[in-house]
Amino acid sequence: MRLPGVGEAGQLKLKSAKVLVLGAGGLGSPAALYLAAAGVGFMGIADPDKVDLSNLHRQVLHGFDTLGLPKTISAAEALSEINPGLQIALHPEGFTVENAAELAARYDLVVDGTDNFATRFLAADACVLAGKPLVHGSVLRSEGQVGVFLPGAGCYRCVYPVMPDASAVPTCADAGVWGATCGVVGSWMAAEVIAVLIGQRTHSRLQLIDIAAGTARVVRLTVDSACPACGRQPTIRSLEKSAYQPTTCPTAPRSMSEHPLEVSIEEAARLLASAQPPVLIDVREPSEHATCCIACAKLIPMASVPERLKEIPQDVPVLIHCHHGGRSLRVTQFLRAKGYTQVSNVQGGIDAWSQKVDPKVRRY
Ligand SMILES: [Zn+2]
């Protein structure tokens, strides 16, 4: 209550809030613990799984004494220890196409810490349709993301329009994750939930965290007018079971890309000057390309990327650039969701190139 912007009014907002946590796992654990500790009044926990020994390094809600129990029950016990006044609703059936709309309507905010794309996209669409904010988190190895998606301000599908195949992206269980990375991302999610509930967030945004590199950066989002969920002509108007079939995990998941999501302008210059340079793609508009370009970059304006996927090679490294690095990051994430594991964004775009690599390239 002593924090600026919180006070008694903010604390009462938390007390009256109903928050639904999807997944009592690596992200849901720290998120739920801090939300309970912060005084959130009502929490739903949706998770169909049971506590397994292999969970314990990251799923800090659970312990040896709850091995084999449903995670909802194990979570409720731990949360009640911290905040006996917390009202808890258990949803051991998980968050499904059948109950998603009803659950999203019943809560004020959804926190998604699930680790599969079917549930992630289901949560995103259910929140758009119900007009509820979504705080999303994901982790892999030492990298994580925290997304805050406010109604009418840009949704998960504005960034990731299409659900990828499970084979394109490994899960934590397959690829491994640092337990503490889950702690960082899950705690960050809790902080965002609290900020949204007390009215401190006005924009949708995506935070990209790389523990190994020691970096975090934020990308401010806006509504993508072509978004299938919240765009000008949305195609997702209801939750259809066929759209969220849990994609089956392959027996031998393709290894996660060793290519970073982003490269610095200096690294891009080094790679392009190497013996086997990556393919460079410019996603700006033709008029911008005409003003200046980085030598021999192929032009595919952002809006035409979805229908020109065939022109982007999947089996060699690809660098994507734009003016300042925002559009190209969005395209890079779109391509990664499509299974392009060797695609990286060029930080700072052509403007950084002009300033740090080649001053002959015109700035605008
Ligand atoms: Zn959207």
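Let us look at the structure shown here. (Residues numbered from 1 in each chain as written. Predicted model: local features only at pLDDT ≥ 70, side-chain atom pairs only at ≥ 80, totals over all residues. Heavy atoms only, no water.)

Attention shifts here to the coordination of the zinc ion. At this site the zinc ion is bound by Cys155 (SG), Cys158 (SG), Cys227 (SG) and Cys230 (SG), with donor distances of 2.3 Å. Considering all 4 donor atoms around the zinc ion, the spread of angles at the metal, 94 to 125 degrees, places the coordination shape in the tetrahedral class. A residue is classified by how much of its surface remains accessible, and cysteine 158, at 2% relative accessible area, is buried. (Donors = N, O, S within 2.8 Å, 3.2 Å for Na, K, Ca; no water. Tetrahedral: all angles 85-135°; square planar, octahedral: opposite > 155°, others 65-115°. Buried < 20%, exposed > 50% of the residue type's maximum accessible area, 1.4 Å probe, protein only.)

A word on the sheet that holds strand E13 (residues 343–346). Strand order in the open sheet made by the 5 strands is E9-E13-E12-E10-E11, with parallel pairing throughout. One side of each edge strand has no neighbouring strand; the edge strands of this open sheet are strand E9 (262–263) and strand E11 (298–299). (Pairing = 2+ DSSP bridges. Helix = DSSP H or I, 4+ residues; strand = E, 2+ residues; numbered from the N terminus.)

Relative to each other, helix H9 (residues 265–272) and helix H12 (residues 349–356) sit at 80 degrees, their axes nearing to 10 Å. Between H9 and H12, the angle is such that the two are roughly perpendicular. Two secondary-structure elements touch here, H9 through Ile265, Glu266, Ala268, Ala269 and Leu272 and H12 through Gly349, Ala352, Trp353 and Lys356. For the contact of H9 with H12, the per-class residue count stands at 6 nonpolar, 1 polar and 2 charged. (Axes fitted to C-alpha atoms, helices over the stretch in contact; angles between N-to-C directions. Parallel < 35°, antiparallel > 145°, perpendicular 65-115°, else oblique. Contact = heavy atoms within 4.5 Å. Nonpolar A, V, L, I, M, F, W, Y, C, P; charged D, E, K, R; others polar.)

Next up on the list: the environment of glutamine 342. Looking at the element boundaries, glutamine 342 is found in the loop between helix H11 (326–337) and E13. Residue classification places glutamine 342 among the buried residues on the basis of a relative accessible area of 19%. Sequence-wise, glutamine 342 and alanine 105 are 237 residues apart; in three dimensions their C-alpha atoms are separated by 39 Å. A polar atom in the side chain of glutamine 342 sits 3.3 Å from the backbone oxygen of aspartate 315. (Polar contact = N/O pair within 3.5 Å; in protein donor to acceptor, adjacent residues only side chain to side chain.)

Turning our eyes to something else, we now look at a nonpolar patch on the surface. Together, Leu53, Phe64 and Leu67 make up an exposed nonpolar region whose accessible area comes to about 330 Å². Along the chain, the position of leucine 67 falls in the loop between strand E2 (42–46) and helix H3 (71–82). According to the relative accessible area criterion, leucine 67 is partly exposed, its value standing at 34%. (Patch = residues over 30% accessible without salt bridge, like charges linked within 9 Å, V, L, I, M, F, W, Y side chains within 5 Å. Areas by Shrake-Rupley, 256 points an atom, 1.4 Å probe, with all protein chains shown as cover. Salt bridge = Lys/Arg side-chain N within 4 Å of Asp/Glu carboxyl O.)

So, on to helix H2 (residues 28–38). Of all the 11 residues making up H2, 8 are buried; the element is thus mostly covered by neighbouring parts of the structure. Of all the positions in H2, only Gly28, Ser29, Pro30, Ala31, Ala32, Leu33, Leu35 and Ala36 are classed as buried. Just downstream of H2, glycine 39 is the residue with a positive phi angle, here 100 degrees.

Here we come to the packing of aromatic side chains. Describing an aromatic ring pair means giving the distance of the ring centres and the angle of the ring planes. Summed over all chains, the structure comprises 5 aromatic pairs. Pairing phenylalanine 149 with tyrosine 156 gives two aromatic rings, centres 5.9 Å apart and planes at 85 degrees, and the pair type is edge-to-face. We classify phenylalanine 149 as buried; its relative accessible area is 4%. With centroids separated by 5.0 Å and ring planes inclined at 45 degrees, the aromatic side chains of tyrosine 156 and tyrosine 160 adopt a geometry described as tilted. Here tyrosine 156 falls in the buried class, since its relative accessible area comes to 3%. Take tyrosine 160: its relative accessible area is 10%, and that puts it in the buried class. By the ring-pair criterion, three or more aromatic residues cluster together here, those being Phe117, Phe121, Phe149, Tyr156 and Tyr160. (Phe/Tyr/Trp six-rings, centres within 6.5 Å; stacked < 30°, edge-to-face > 60°.)

In this section: H12. Of all 8 residues in H12, 6 are buried; the element is thus mostly enclosed. Within H12, burial applies to Gly349, Ile350, Asp351, Ala352, Trp353 and Ser354.

Below, the discussion takes up the environment of glutamate 93. Considering the arrangement of structural elements, one finds glutamate 93 in the loop between strand E3 (87–91) and helix H4 (100–106). Residue class for glutamate 93 comes out partly exposed when judged on its relative accessible area of 43%. The sequence separation of glutamate 93 and aspartate 49 amounts to 44 residues, and the corresponding C-alpha distance is 8.8 Å. With sequence-adjacent residues up to four places away left out, glutamate 93 is seen in contact with Pro48 and Asn99. In this structure the side chain of glutamate 93 is engaged in a polar contact, spanning 3.3 Å, whose partner is the side chain of asparagine 99.

Let us look at the environment of aspartate 65. Along the chain, aspartate 65 turns up in the loop between E2 and H3. Aspartate 65 sits in the exposed class, given a relative accessible area of 70%. Aspartate 65 sits 14 residues away from valine 51 along the chain, and the two C-alpha atoms are 9.9 Å apart.

Right, let's get into the nonpolar core. By size, the foremost hydrophobic cluster in this structure holds 40 residues, and its most contacted members are Leu20 and Phe95. If you tally residues by element for this core, the top one is helix H5 (residues 117–130), at 8 residues. For phenylalanine 95, the contacting residues outside a window of four places in its chain are Leu20, Leu22, Ala46, Ala100, Leu103, Thr119, Leu122, Ala123 and Ala126. Judged by nonpolar contacts, the second largest core, of 38 residues, contains Leu33, Val185, Ile198 and Ile209. (Core = buried A, V, L, I, M, F, W, Y, C linked by side-chain atoms within 4.5 Å.)

Our focus in this paragraph is the pairing of strand E1 (residues 18–22). The buried count for E1 comes to 4 of 5 residues, which makes it a mostly enclosed element. When E1 meets E2, the two strands line up parallel, connected through 5 bridges. Paired with valine 19 across the two strands is methionine 43, which belongs to E2. Regarding the hand of the β-α-β motif, the stretch spanning E1, H2 and E2 is right-handed. (Right-handed = clockwise from strand over helix to strand, strands pointing away.)

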